[in-house]
Amino acid sequence: MHPPATPSAAATTHPDVLVIGGGIIGLVTAWRAAGRGLRAAVADPAPGGGAARVAAGMLAAVTELHYGEQTLLGLNLASAERYPRFAAELEESSGQQVGYRRCGTLAVALDADDRAHLRELHALQTRSGLDSQWLTGRECRRLEPMLAPGVRGGLRVDGDHQVDPRRLASALLIACERAGVTFHRSWAERLTVHGDRATGAELADGTRLSAGQVVLAGGSYSGRLAGVPEDVLPPVRPVKGQVLRLRMPEPPRGGSPLLSRTVRAVVRGGPLYLVPREDGELVVGATSEELGWDTTVTAGGVYELLRDAHELVPGITELPLVETCAGLRPTSPDNAPMLGPTALPGLHLATGHFRNGVLLTPVTGDAMAEVLATGSLPEEARPFSPARFSATAGSRPESARAPQEQPV
Ligand code: GLY
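All values derive from a computational prediction rather than experimental measurement. (Residues numbered from 1 in each chain as written. Predicted model: local features only at pLDDT ≥ 70, side-chain atom pairs only at ≥ 80, totals over all residues. Heavy atoms only, no water.)

Participant: Looking at this model, I keep getting lost on the overall build of the chain. Mind explaining?
Facilitator: Scanning the chain from terminus to terminus reveals 8 helices and 19 strands. A principal-axis box enclosing the C-alpha atoms of the chain has dimensions of 65 × 50 × 40 Å. Residue pairs at least 24 apart in sequence account for 75% of intrachain contacts in the chain once pairs closer than 6 positions are excluded. Surface accessibility of the chain: about 16,800 Å² in total, with carbon and sulfur atoms responsible for 50%. Charged side chains of the chain number 40 positive and 44 negative; the gap between the two group centres comes to 3 Å. (Helix = DSSP H or I, 4+ residues; strand = E, 2+ residues; numbered from the N terminus. Contact = heavy atoms within 4.5 Å. Areas by Shrake-Rupley, 256 points an atom, 1.4 Å probe, with all protein chains shown as cover. Lys, Arg positive; Asp, Glu negative; His and termini not counted. Charge placed at Lys NZ, Arg CZ, Asp CG, Glu CD.)

Here's what the structure looks like:
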């Protein structure tokens, strides 16, 4: 039904769009651009990798609402609403399941401080017109009997779903290949600029690619690509997250799994979540550490996650611990993504998604494809233009300097 497309010589050497970075944001950009008839290429030594290999995949527009992030909420909700169709279309195009699960989320409080914090979140959600229901501790445990007896109350948000980010990345990779996207399995070492226009990239393997438009989607490395003029470099930094993967036992016939929905809490001031998948995987996350590009899994990180998760669901310490890993959230100064054209003609950004990369995948793909195909960002993406961080917003000095930096 979907024969693999054979890329033409032109698609290989001179695509319409070169995407630097093959994480889920780069892949969805390439896939959606190809769907608009553009010849797309992706440069990445290991496409389908990146932060999504670590992420839990919560689609938590409502439970991850923060004060001052109402504009981002609009984009998050737009993307959450698109998820069912997006997942179905991606599954159809790739022949792969992405683990989209409408299981809902329960955010609980373990002590009086947490309860007060959760009450405030509930008030903010209600003021923002969002659907969430306050439950007593007993009601929380009726929904999730394995919760600690000390749970003091919680918020039930049936609209916050989940997807499996690893499956999502694999499906996007296959969908891209089937749509004729070309892959260059090498780091992009340098952006090429001619006459004040981005024209392509030089790769670490020596390939020189020219392209009509370039999209920088290198996650937390996006601010380190050599050749990008300094005034255009995206202000992204990595925020490390350590994550555990455990395995839940098969529920007894007719019985319930250990957890049936995502459970989250703020424990000792840090957010903690347990995300149960249908296949028995239980993802426990995540630390938030500002340590540069360090992805070491530490004893302290694993200890804290297990300690806090045990406080929330004591039974988890019985489960096999099957994986520990750490990823880097690409974070912008206002925690929101940078989408669309930069002040350097021909260069776009799709980065800075911070905690919401998986959630924002559908809307990012749509917005990037639209701007690449028509030159115009759709309404919902306009507040996220990279211009908001640029003193020169839209017009840059002729003499902008290109720094010597790292490959992406
Ligand atoms: N969205 C969950 C996290 O970033 O840890």
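Participant: Please explain the pattern of salt bridges as it appears in this structure.
Facilitator: Side chains carrying opposite charge are able to pair once their charged atoms draw close together. Applying the stated rule across the entire model yields 23 salt bridges. Across the pair Arg32 and Glu89 runs a salt bridge whose closest N-O atoms are separated by 2.8 Å. Remark: Glu89 occurs in helix H3 (residues 70-94) and Arg32 occurs in helix H2 (residues 24-35); sequence separation between them is 57 residues. In this structure, Arg261 and Glu144 form a salt bridge, with 2.7 Å as the shortest nitrogen-oxygen distance. Here Glu144 lies in the loop between helix H5 (137-143) and strand S6 (153-157) and Arg261 lies in the loop between strand S13 (237-247) and strand S14 (262-267), a separation of 117 residues in the sequence. (Salt bridge = Lys/Arg side-chain N within 4 Å of Asp/Glu carboxyl O.)

Participant: Looking at this model, I keep getting lost on the site of the ligand. Mind explaining?
Facilitator: Every residue near the ligand is listed here: Met58, Glu64, Tyr273, Ala286, Arg329 and Arg355. Contacts to the ligand include Tyr273, whose side-chain N or O atom sits 2.5 Å from an oxygen atom. A distance of 2.9 Å separates a nitrogen atom of the ligand from a polar atom in the backbone of Arg355. Here the ligand has 200 Å² of accessible area as a free molecule, and 88% of this is covered by the chains. Looking at the shell around the ligand residue by residue, the class counts come to 3 nonpolar, no polar and 3 charged. (Near = heavy atom within 4 Å. Polar contact = N/O pair within 3.5 Å; in protein donor to acceptor, adjacent residues only side chain to side chain. Nonpolar A, V, L, I, M, F, W, Y, C, P; charged D, E, K, R; others polar.)

Participant: Looking at this structure, I do not really get the side chain of Arg329. What am I missing?
Facilitator: Here Arg329 shows up in strand S17 (residues 321-331). Within the structure, the side chain of Arg329 is placed 3.0 Å from the backbone oxygen of Thr287, a separation counted as a polar contact. Setting aside anything within four residues of it in sequence, one finds Arg329 in contact with Ser220, Arg237, Pro238, Val239, Lys240, Gly241, Tyr273, Ala286, Thr287, Ser288, Phe354 and Arg355.

Participant: Hey, could you run me through the packing of H3 against helix H8 (residues 361-374) in this one?
Facilitator: Describing two packed helices takes the angle between their axes plus the distance from one axis to the other. The contact between H3 and H8 brings their axes to 7 Å, and the two run at 95 degrees. Classed by the angle they form, the pair H3 and H8 counts as roughly perpendicular. The segment H3 lies against H8, with Leu75, Ala78, Ser79, Arg82, Tyr83 and Phe86 engaging Thr361, Pro362, Val363 and Asp366. Here the contact of H3 with H8 is built from residues that sort into 6 nonpolar, 2 polar and 2 charged. (Axes fitted to C-alpha atoms, helices over the stretch in contact; angles between N-to-C directions. Parallel < 35°, antiparallel > 145°, perpendicular 65-115°, else oblique.)

Participant: Teacher, can you tell me more about unusual backbone geometry here?
Facilitator: One can expect most non-glycine residues to show negative phi and most peptide bonds to be in trans. Note the cis peptide between Gly285 and Ala286, where omega equals -15 degrees. With respect to the secondary-structure elements, Ala286 resides in the loop between strand S16 (281-285) and helix H7 (299-312). The phi torsion at Asp196 lies on the positive side, around 65 degrees, for a residue other than glycine.

Participant: What should I look at first to understand H2 in this one?
Facilitator: Because an α-helix packs 3.6 residues into every turn, residues spaced three or four apart end up facing the same way. An ideal rise of 1.5 Å per residue puts 16 Å on 12 residues; H2 measures up with 16 Å between its terminal C-alpha atoms. Counting buried positions over the 12 residues of H2 gives 11, a clear majority of the element. Among the residues making up H2, those that are buried are Ile24, Ile25, Gly26, Leu27, Val28, Thr29, Ala30, Trp31, Arg32, Ala33 and Ala34. Gly37 sits one or two residues past H2 and shows a positive phi near 90 degrees. (Expected span 1.5 Å × (residues − 1). Buried < 20%, exposed > 50% of the residue type's maximum accessible area, 1.4 Å probe, protein only.)

Participant: It is not clear to me how the packing of aromatic side chains should be interpreted in this structure. Could you clarify?
Facilitator: For any pair of aromatic rings, the description consists of the separation of the ring centres together with the inter-plane angle of the planes. Overall, the coordinates contain 4 aromatic pairs when judged by the stated rule. Measuring from centroid to centroid gives 6.0 Å for Trp31 and Phe86, while their planes differ by 70 degrees, and the two rings are edge-to-face. One end of the pair, Trp31, is in helix H2; the other, Phe86, is in helix H3, with 55 residues separating them in the sequence. Here Trp31 and Phe86 have matching classes, each one buried. Centroid distance Tyr83 to Phe86: 5.6 Å. Interplanar angle 75 degrees. Geometry classified as edge-to-face. Residue Tyr83 and its partner Phe86 are both found in helix H3; the two are separated by 3 residues, about one turn of the helix. Just as Tyr83 is buried, Phe86 falls in that class too. Members of the aromatic cluster, each reached through a chain of ring pairs, are Trp31, Tyr83, Phe86 and Tyr100. (Phe/Tyr/Trp six-rings, centres within 6.5 Å; stacked < 30°, edge-to-face > 60°.)

Participant: What's the story with the side chain of Arg166 in this structure? I'm lost.
Facilitator: Secondary-structure assignment places Arg166 in helix H6 (residues 165-178). On the basis of relative accessibility, which here comes to 19%, the residue Arg166 falls in the buried class. Polar side-chain contacts of Arg166 include one of 2.6 Å to the side chain of Glu323. When residues no more than four places from it in sequence are discounted, the contact partners of Arg166 are Ala52, Arg53, Arg245, Glu323 and Cys325.

Participant: It is not clear to me how H7 should be interpreted in this structure. Could you clarify?
Facilitator: End to end, H7 covers 20 Å across 14 residues, agreeing with the expected 20 Å (1.5 Å per residue, within 8%). Within H7, the full set of buried residues consists of Gly301, Val302, Leu305, Asp308, Ala309 and Leu312. Across the axial projection of H7, the buried residues extend over an arc of 145 degrees, all falling on one side. For H7, the exposed residues lying more than 90 degrees away from the buried face are Ala299 and Tyr303. (Arc of directions from axis to C-beta.)

These figures capture arrangement, not role.
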